[in-house]
Every structure is written in C-alpha cells, then in structure tokens.
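Coordinates in review
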Amino acid sequence: MSEILLLALPLVFVLLVALHLRLRGRRRRHLHGNIEQLQVLRALLADLQRHRGLSNGLLCGDKSLRQEVTSICDRLDRSISNAKTLGSTHADTWQSLARQWQEARKIQGRDPSVNLIAHNRIISDTIFLIEDIYAEKDLSADHAELGYLVCIWHEVVQTAEWSGQARALGTGIAARRQSSADQRVRLRFLHQKITELSDLAFEHLAQRFSDKRKLDACREAVKGLLASLERELLTTDKPSIEAKQYFDQATCAINELFGLVDCALLDLKRVHGA
C-alpha cells in the first residue's frame, strides 16, 4: 500500500501543479480581458460624450456641426459593433448599451432635451459598467503603485462626465444664443460638481500620480473650463461665444481628464503584462 502511495504522489503533484497553472492562466486571461474592456469603454465614453455635445449644438441651431456629428456617429457604430464581439461576463450589459445607442443615434427632428436624456442614460450605464468591471477583480491588489486607480475610476471619470454635461448643455445654449433661468441653474450645479470632484481628485492624485506635469496640465485645463463657464454662460442669458468655440474649450479639459485615465490604463498593462 505504501509503495502505491509513493508511486502516486508524483502523479498527484504533477496534477496539482497542472491545475494551478491552468487556474492561474484562466485568471490572467480574465484580468487581461477586463483591462481590454476598460480600454474600449474609455474610448466609447469619450465618443458618446462628444456625440452628445455636438448633436445638442446641431439640434439647437448650429448646422455647421452636422459633419462632425455624422463622423462621430459612424465611429460609434463601429466601436459598438466591435465591442459586442468581446468575450465578457457582462455580455447582457454590452447588448443593452448597443440597443441604447441605436436609440440615441436617431437625432433627426428630436427635441434637444430628449436627446440629452437619451445620451445621459447610455453614458451613465457606460460608467456603471466601467465600475463593475473594475470591481469584479481588484486590478490594483498587491500593487501599491496602482493605489490611485480608485480615484481614476470614480472622481476622474465622473469629473469628465460632469464636464461633458456642461459641454453639451453649454454648446446648445451657445448655438441658440440664449439661455433660460433653469439652464443657468443647471450649469451652476455642474460648475459646482466639477469644482468639488476635481479638487478631490487632484488632492488625491498629487500624492500618488507619477506624471506631475500631466496632472498640472489637467488641473489648469479644468480651471479654464470653469472660468469659461463663468465668463461666457453664467453671467448672461444671451451668450456671444460661438458654439464650436465653447465646445472646443470644454473638450480641452475633458481630453486632459481622459489623459489621466489613459495613464492609468498604461500602468495597468505594464504591471499585469497585458
């Protein structure tokens, strides 16, 4: 009996090692798949926000934005189609995003407020999916240099979204050359949320984020957006700034915020060998 056990032990050991390697490989593939999905969602989020702002400006009267709306719409069609082929434990959510996009892209003759609501819904669900994928497996676990990622996925992404809402609403106001009291109240709220969340993010990242120049550039760009909101839209009900000019000013800040997300994704790929 003891001889049989002695003969079996090496086989059991080999089987256990094989099982361990198989499970580790599966976890690694799953982790890499999550990082890939985060990359896709980052690009998708930025383009959805861009389409929201440009389409709102178009619906509010600035016909010069039509070509850019068409271009970003085509890009989103391709991105959504490619995303549906990703292997994911969140397939149902991806399918839901695809259905919502088919509704949000139909802007012809749509009321601007309805257009904003449709875009806000799909963008909100996109952000929820980002948070779900990150929470599914702590991508910063056992890696102290990735401790800042929680701030990226929450404060930075949400600051980009509040900024995107301010860009969309402000672009429509600039296109119409007038704003209502309710719209200015909403812009004031967005101004406050951007200020609060960006201050929180920059305070946290100042201790953890390695690229200080990029962080400083982002901080200045957000300050520029807040100043533009105050100067061009909050102090008058008849703004004179061109819709595209305001859109581009706001985009500078949003691009810088997404630049921080890009740095986080690069760090994730480097640390995890993805």
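This structure is a prediction, so every number in the text was calculated from the model and none was measured.

Rules used in this analysis
The numbers attached to residues start from 1 for each chain and follow its sequence in the written order. The predicted origin of the model limits local features to residues at a pLDDT of at least 70 and limits the giving and counting of side-chain atom pairs to 80 or more, whereas totals for whole chains, interfaces and linings rest on all residues. To obtain the side-chain values, all non-hydrogen atoms of the structure were included, while hydrogens and water were left out. Within this document, salt bridges are pairs made up of a side-chain nitrogen of Lys or Arg and a carboxyl oxygen of Asp or Glu, the two lying within 4 Å of each other. Only runs of H or I of at least four residues qualify as helices and only runs of E of at least two qualify as strands under DSSP, and these elements are numbered from the N terminus. Partly exposed residues are those whose accessible area sits between 20% and 50% of the maximum for their type, while under 20% is buried and over 50% is exposed, using a 1.4 Å probe and protein chains only. N or O atoms closer than or at 3.5 Å make up a polar contact, with two conditions inside protein: a donor-capable atom paired with an acceptor-capable one, and, for residues adjacent in sequence, both atoms drawn from side chains. Any two residues whose heavy atoms approach within 4.5 Å are treated as being in contact. Each axis is a line fitted through C-alpha atoms, taken for helices only over the stretch in contact, and angles between the N-to-C directions span 0 to 180 degrees. Note that the term roughly parallel is reserved for angles under 35 degrees, roughly antiparallel for angles over 145, roughly perpendicular for angles of 65 to 115, and oblique for everything else. By definition, any crossing whose near helix is turned counterclockwise from its far helix by less than a right angle is left-handed, and any crossing with a clockwise turn is right-handed. Basically, the charged four are Asp, Glu, Lys and Arg, the nonpolar ten are Ala, Val, Leu, Ile, Met, Phe, Trp, Tyr, Cys and Pro, and anything else, Gly included, counts as polar.

1. Considerations on the pattern of salt bridges
Note on pairing: side chains with opposite charge can pair once their charged atoms come close. Tallied over the full model, the rule gives 16 salt bridges. A salt bridge links Arg75 to Asp47; its shortest N-O distance comes to 2.7 Å. Of the two residues, Arg75 sits in helix α2 (residues 66-83) while Asp47 sits in helix α1 (residues 2-59), which places them 28 residues apart along the sequence. Classification of Arg75 by relative accessible area gives partly exposed; the value is 36%.

2. Looking at unusual backbone geometry
In this model, Arg177 sits at a positive phi of 65°, which is unusual for a non-glycine residue. With respect to the helices, strands and loops of the structure, Arg177 is situated in the loop between α5 (149-176) and α6 (181-208). Under the relative-accessibility criterion, Arg177 is labelled partly exposed at 33%.

3. Focus: the side chain of Asn56
Within the element layout of this structure, Asn56 appears in helix α1. Within the local environment of Asn56, its side chain forms a polar contact with the backbone oxygen of Ala168, the two atoms lying 2.8 Å apart. Once you skip the residues sitting within four places of it in the chain, Asn56 turns out to touch Pro112, Asn115, Leu116, Ala168, Leu169 and Gly172.

4. Description of the environment of Thr235
Tracing the sequence through the fold places Thr235 in the loop between α7 (212-234) and α8 (243-272). According to the relative accessible area criterion, Thr235 is exposed, its value standing at 57%. In this structure the C-alpha to C-alpha distance between Thr235 and Arg184, which are 51 residues apart in sequence, comes to 8.9 Å. A polar atom in the side chain of Thr235 sits 3.1 Å from the backbone oxygen of Arg231.

5. Let's talk about the packing of α2 against helix α3 (residues 91-104)
Relative to each other, α2 and α3 sit at 155°, their axes nearing to 10 Å. The angle between α2 and α3 falls in the class roughly antiparallel. Relative to α3, α2 is oriented so that their crossing is left-handed. Contact residues: α2 offers Cys73, Leu76, Asp77, Ile80 and Ala83, while α3 offers Trp94, Ala98, Trp101 and Gln102. In terms of residue class, the contact of α2 with α3 is made up of seven nonpolar, one polar and one charged.

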